[in-house]
Amino acid sequence: MCATGVSVRGIRGFCVFAFALFLAACGGGGGGGGPVPSLGLFAGDMGSNGDADGVGAAARFNGPLAVATDSAGNVYVADTLNFTIRKVTPAGEVTTLAGTAGVFGGTDGTGAAASFNFPNGVATDSTGNVYVADTNNHTIRKITPTGVVITLAGTALSAGSTDATGAAARFAFPIGVATDSAGNVYVGEWDNRTIRKITPAGVVTTLAGTAGTFGSTDATGPAARFGGPAGIATDSAGNVYVADDGNNTIRKVTPAGAVSTLAGVAGQASFGTFAPGALPGLLNSPAAVAVSGTSLYIVCSEGVAAVQNLP
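Now for a look at the structure at hand. Note that the coordinates shown come from a computational prediction; the quantities given were computed from them, not determined experimentally.

1. Details of the overall build of the protein
- Helix and strand counts for the protein come out as 1 helix and 24 strands.
- For the protein, the proportion of its 311 residues judged to be buried stands at 52%.
- Taking as baseline every contact in the protein between residues at least 6 positions apart, the subset at least 24 positions apart corresponds to 42%.
- Total accessible area on the protein is roughly 11,700 Å²; 58% of this is exposed by carbon and sulfur atoms.

See below:
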């Protein structure tokens, strides 16, 4: 199964390299006599930014930071500096699903009537809903396939760490989002250094970490520590994988909240000398993760690394 959301914070271009990202995220083109992986421009233009809807190179983006796919092959883009969520069909046709370019805010509404405040992570569920880490609003937003935007949890411009339901919950600069098969949403919070879980009913709990407490301790629930969670992903068993950017590590969180370090060494970085080999290895600024089958793909400063045969 392909990952439903990939943050690409380190790739601050004006286009969407969907072919490359999805080949990496889904394991496409590797072995078995299949097609050879290639890098192609899917939508947008490397030389200019903007907000134009259009097909392929006629479309424009402005600082897109995350992508996600649905079961029909559509691509959803957090067009961060335009304050919009864009949709790209398999044919490369780009439309604005929600928000208005250049207008930031926290308004719920349909299509252009809704507003965002530096949206970052995006993810989808099995029914085609899109979830957005609306970073500077400190909220998690939900967009239906028809473009209706609601705030699933949190209150715009109200930062905090409260576990509660809906608008009573608080987040602090959420970066990554991911979903599981039961419709739960998981959130990687940079400032709180926690991993949160949101049920379909909007009930927010802290799955692992303690708000405001930095560290790298492997433990269960509030005893675990993170350095700066960024992109996250889930597998079919409900485990959550976290790009712990602040520690240069990849963390695994079980459904029970047990945290372990899967790759990288806290406080150490590869600094351009990434070398394949046995785990844990060294990483530099891991920003995003994606799961495909038993493989985990990691976007870091040197490129895309892979962990095969996940434990």
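2. Observations concerning the environment of Gly267
- Its place among the elements puts Gly267 in the loop between β21 (259–263) and β22 (288–292).
- For the pair Gly267 and Gly227, spaced 40 residues apart in the sequence, the C-alpha separation amounts to 9.5 Å.

3. Side note on unusual backbone geometry
- Of the consecutive residues Leu279 and Pro280, the connecting peptide bond is found in the cis state with omega at 15°.
- Along the polypeptide, Pro280 turns up in the loop between β21 and β22.
- Although it is not a glycine, His138 adopts a positive phi angle of roughly 60°.
- Among the structural elements, His138 can be located in the loop between β11 (130–134) and β12 (139–143).
- Note on His138: relative accessible area 7%, which makes it buried.
- One non-glycine residue, Arg193, lies in the positive phi region at around 55°.
- Structurally, Arg193 can be placed in the loop between β15 (185–189) and β16 (194–198).

4. What to know about the sheet that holds β22
- Spatially, the 3 strands line up as an open sheet ordered β22-β23-β24, and their pairing is antiparallel. Either end of the sheet is taken by a strand with one partner, and the two such strands are β22 and β24 (303–307). The sheet shows a mean angle of 20° between the axes of neighbouring strands, taken without regard to direction.
- Sheet topology note: the β22/strand β23 (residues 295–300) ladder contains 5 bridges and is antiparallel. Along β23, the bridge assignment pairs Val291 with Leu296.

5. A closer look at the sheet that holds β11
- One open sheet holds the 5 strands; their spatial order is β9-β13-β12-β11-β10, and the pairing between them is antiparallel. Every interior strand has two partners, whereas the edge strands, β9 (109–110) and β10 (119–124), have only one.
- Two elements, β12 and strand β13 (residues 148–153), share 4 bridges in a ladder whose sense is antiparallel. In the strand pairing of β13, Lys142 is matched with Ile150.

6. A look at the nonpolar core
- By size, the foremost hydrophobic cluster in this structure holds 15 residues, and its most contacted members are Tyr241, Ile250, Val289, Leu296, Ile298 and Leu310.
- Counting only elements with at least two residues in this core, the list comes to β19 (240–244), β21, β22, β23 and β24.
- Per-element tally for this core: the top contributor is β23, with 3 residues.
- Sequence-distant contacts of Val289, that is, excluding residues within four places in its chain, are made with Gly5, Gly231, Ile232, Ala233, Tyr241, Ala243, Ile250, Leu296, Tyr297 and Ile298.

7. Notes on the side chain of Asp235
- Here Asp235 is to be found in the loop between β18 (229–234) and β19.
- Of the side chains with opposite charge, Lys252 comes closest to the buried, unpaired Asp235, at an N-O distance of 5.6 Å.
- Here the side chain of Asp235 touches Asn239 through a polar contact of 2.9 Å, landing on its backbone nitrogen.
- Within the structure, the side chain of Asp235 is placed 2.9 Å from the side chain of Tyr241, a separation counted as a polar contact.
- The contact partners of Asp235, leaving out residues within four places of it in the chain, are Tyr241 and Val291.

Criteria and cut-off values
The numbering scheme is per chain: residues are counted from 1 as the chain's sequence reads. With the structure being a predicted model, the display of local features is reserved for residues of pLDDT at least 70 and the display and counting of side-chain atom pairs for 80 or more, all residues being used for whole-chain, interface and lining totals. Only heavy atoms go into the side-chain values, all of them from the structure, while hydrogens and water stay out. Numbering of helices and strands runs from the N terminus, with a helix taken as a DSSP run of H or I at least four residues long and a strand as a DSSP run of E at least two residues long. Type-normalised accessible area, obtained with a 1.4 Å probe on protein chains alone, sets the label of each residue: buried when under 20%, exposed when over 50%, and partly exposed for intermediate values. In this analysis, two residues are considered to be in contact whenever any of their non-hydrogen atoms come within 4.5 Å of each other. The Shrake-Rupley method, run with a 1.4 Å probe, gives the accessible areas here. Residue values count only the displayed protein chains as cover. When DSSP finds at least two bridges between two strands, those strands are taken to pair. The axes are straight lines fitted to the C-alpha atoms, using for helices just the contacting stretch, and the angles between their N-to-C directions are given from 0 to 180°. Residues belong to a common nonpolar core when they are buried Ala, Val, Leu, Ile, Met, Phe, Trp, Tyr or Cys residues joined through side-chain atoms within 4.5 Å. Positive: Lys, Arg. Negative: Asp, Glu. His and the chain ends are not part of the count. Between Lys or Arg on one side and Asp or Glu on the other, a salt bridge is scored when a side-chain nitrogen of the former is within 4 Å of a carboxyl oxygen of the latter. Here a polar contact is taken to be a pair of N or O atoms separated by no more than 3.5 Å, where protein atoms must pair a possible hydrogen donor with a possible acceptor and residues adjacent in sequence count only if both atoms sit in side chains.

In short, geometric facts, not functional conclusions.
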